Amino acid sequence: MIFRSPYTDVSIPEVSVPEFVLQDARARGDKPALIDGGSGRVITYRELAESVERVAASLAARGFKKGEVFAIYSPNVLEFPLALYGVATLGGTCTTINPLYTADEVAHQLKDAGAKYLLTVPALMEKAEEAAREAGVEEIFVIGETEGATPFASLLDADAGEAPTVSINPREDIFALPYSSGTTGLPKGVMLTHYNLVANLCQQEPVNPIAETDTLLCILPLFHIYGMAVILNTGLHSGATIVMMQRFDLERVLQAMQDYGVTFAHLVPPIVLALTKQKVVDNYDLSKLRAIFSGAAPLSESITRACIERMKCRLRQGYGMTETSPVIHMSPNETELIRHGSVGRCIPNTECKIVDMETGAELGPNQEGEICIRGPQVMKGYLNRPEATASTIDADGWLHTGDIGYADEDCHFFIVDRAKELIKYKGFQVAPAELEAHLLSHPAIADAAVIPVADEEAGEIPKAYIVLKAEAEADDEEIMRFIEERVAPHKKIRLIERIEQIPKSASGKILRRVLVARERERKPE
């Protein structure tokens, strides 16, 4: 059967993301739009609108055109949204890059996306320069000043005039190009149109109302679709104030929540766990916090209830993917309708079905299978990957999530497992294939497989099964260091087990499920 939203479908305007998100910005005048939680620096709504216009005008004057790609390789700084919306105003596309990536990882994304320009911060300049040279990027902009880059401040020159009027086709033109591994394989560019993002904003409004009087916490990274769409786009469209933090430090986050009177915190399970268990939380006045929204990974019912009891506020969950812009499900806004442990019900304009993993047959309530979704928030496809797109979105428009779950008789969805190979470390994707490729480049390793292992704090951590070459020697610590030097910190291998042979199918495909089952059956010592 097909599960549909209990909410009435919403109308979706055919406009660009900047036009929709910033439509009331000038009228909001001196109301704070963005606050740097560390320094206290503020950008008002009027300044936001004017700055986006200046960035667009300056980039146009430099020859940046519709359809070209601008890369942002930066933590959460106030200039991030100025670049994001300025580029989009010209019909350009932003590809956002994890600031923890190595130079090689950055170069790969820059080349794959075809980025013309790159924006970064001084602390990342060395890696940015190396990656830009490798990828043939024309110019690097830096927030602040450093040798070898153009100050981003030069794009805020009031003398640049007005930005040109660019005709944007919301259903076809790409607003953002974040990278995701999808259900398997290496990271791929996810083509999210203006219509995808505007649709998802409209879909969230009846389920997740945010008011002008709200102050949102943005500790989640803006390069990730959760931070970009659910916090930044939604918060600014609603007229809320957004307190941005560059990195997670519990006491600094708590101090910012107290100082700025945060009312709504978008979090991930590891941070929810910290709020629930760390004693230091009691040292801060968080009485203005009325709601926590948790996403990116499932949150157990027990942790949910414990957090609600301690924080004295509502806690709701949601579910989505980069490929769905990102929200598919949200817990109801009405407290009495929330089912703890559930990711909620379909948001408006969204259809879902649960299918049998073997036969593809549609299943009914309380039957576990793969979750499939259809709606206006589904991506245009993977950049230059037609085969990967076709394997993810079928001929009838159903996106196969790779997640195993079920819906109860009242259409509340529960995620129970993942058929896809991805590891979710603190909400971030880790592709086993990428780590396996690095492992196989080690001179002592003959074969390798990587699987997720459950971890209370991180959700999942990567574990490697390795087969050493005959007479080769290498200790586990040395292998872990070898990988650590080649990947972003969240991708590090945390456990290693030696094995005589990696289980594989007749076609040579790693039977990861065999290793996962072996891990789950292992009894604690």
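Draft legend 1. Expanded view of helix 9 (residues 269-277). Burial runs high along helix 9: 8 of the 9 residues are buried. Along helix 9, the residues that are buried comprise Pro269, Pro270, Ile271, Val272, Leu273, Ala274, Leu275 and Thr276. Check the buried side of helix 9 and you find it contacts helix 8 (250-260), strand 14 (264-267), strand 15 (291-294), helix 10 (301-311) and strand 16 (314-320).

Draft legend 2. Inspection of the packing of aromatic side chains at higher detail. Taken as a whole and judged by the stated rule, the model has 8 aromatic pairs. A network of ring pairs unites the aromatic residues Phe64, Phe70, Tyr117 and Phe141 as a single cluster. The aromatic ring of Tyr45 is capped on one face by Arg28, whose charged end is 5.3 Å from the ring centroid. Above the face of the Tyr195 ring, Arg171 is positioned so that its terminal group lies 4.0 Å from the ring centre.

Draft legend 3. Layout of the side chain of Thr120. Mapped onto the fold, Thr120 is located in strand 6 (residues 115-120). Apart from residues no more than four positions distant in its own chain, Thr120 is found in contact with Tyr73, Met125, Ala128, Ile140, Phe141, Val142 and Ile143.

Draft legend 4. Structural view of the pattern of salt bridges. In total, this model carries 32 salt bridges according to the counting rule given. Taking the shortest distance from any N to any O, the salt bridge between Asp30 and Arg46 comes out at 2.5 Å. Residue Asp30 is located in the loop between helix 1 (17-21) and strand 2 (32-36), and its partner Arg46 is located in helix 2 (residues 45-61); the two are separated by 16 residues in the primary sequence. On the basis of relative accessibility, which here comes to 32%, the residue Arg46 falls in the partly exposed class. With its nearest N and O atoms 3.0 Å apart, the salt bridge here joins Asp112 to Arg385. Here Asp112 is found in helix 4 (residues 103-113), whereas its partner Arg385 is found in the loop between strand 21 (381-382) and helix 11 (386-392), with 273 residues between them in sequence. The class for Asp112 is buried, based on a relative accessible area of 16%.

Draft legend 5. Highlighting the packing of helix 2 against helix 3 (residues 79-89). For the pair helix 2 and helix 3, the least separation of the axes is 8 Å and the interaxial angle reads 55°. Between helix 2 and helix 3, the crossing angle belongs to the class labelled oblique. Here helix 2 runs over helix 3; the crossing is right-handed. Along its contact with helix 2, which presents Leu48, Ser51, Val52, Val55, Ala56 and Leu59, the element helix 3 presents Pro81, Leu82, Ala83, Tyr85, Gly86, Val87 and Thr89. Looking at the contact of helix 2 with helix 3, its residues break down into 10 nonpolar, 3 polar and no charged.

Draft legend 6. Molecular detail of helix 13 (residues 476-484). Residues of helix 13 that are buried: Ile479, Met480, Phe482 and Ile483. Angular distribution of buried residues about the axis of helix 13 spans 155°; they occupy a single face of the element. Buried residues belonging to helix 13 abut helix 12 (432-440), strand 26 (445-455), strand 27 (459-468) and strand 28 (495-498). Near the N-terminus of helix 13, the side chain that reaches the backbone nitrogen of Glu477, with its oxygen 3.1 Å away, is that of Asp475.

Draft legend 7. Examining the pairing of strand 15 more closely. Going residue by residue along strand 15, you find Ala291 and Phe293 tucked away on one face and Ile292 and Ser294 tucked away on the opposite face as well. Of the strand pairs in this sheet, strand 14 and strand 15 are connected by 4 bridges, and their pairing is parallel. Note on strand 15: the bridge partner recorded for Leu267 is Ser294. Since strand 14 and strand 15 lie parallel, the crossover through helix 9 that links them has a hand, and here it is right-handed. The pairing of strand 15 with strand 16 spans 4 bridges and is classified as parallel. Residue pairing across strands places Ala291 opposite Arg314, the latter belonging to strand 16. As a crossover connection, the stretch from strand 15 through helix 10 into strand 16 is right-handed.

Rules used throughout
Residues numbered from 1 in each chain as written. Predicted model: local features only at pLDDT ≥ 70, side-chain atom pairs only at ≥ 80, totals over all residues. Heavy atoms only, no water. Buried < 20%, exposed > 50% of the residue type's maximum accessible area, 1.4 Å probe, protein only. Helix = DSSP H or I, 4+ residues; strand = E, 2+ residues; numbered from the N terminus. Contact = heavy atoms within 4.5 Å. Phe/Tyr/Trp six-rings, centres within 6.5 Å; stacked < 30°, edge-to-face > 60°. Lys NZ or Arg CZ within 6 Å of the ring centre and 35° of its normal. Salt bridge = Lys/Arg side-chain N within 4 Å of Asp/Glu carboxyl O. Axes fitted to C-alpha atoms, helices over the stretch in contact; angles between N-to-C directions. Parallel < 35°, antiparallel > 145°, perpendicular 65-115°, else oblique. Left-handed = near helix turned anticlockwise from the far one by under 90°. Nonpolar A, V, L, I, M, F, W, Y, C, P; charged D, E, K, R; others polar. Arc of directions from axis to C-beta. Polar contact = N/O pair within 3.5 Å; in protein donor to acceptor, adjacent residues only side chain to side chain. Pairing = 2+ DSSP bridges. Right-handed = clockwise from strand over helix to strand, strands pointing away.

Remember that the coordinates give geometry; whether it matters functionally is a separate question.
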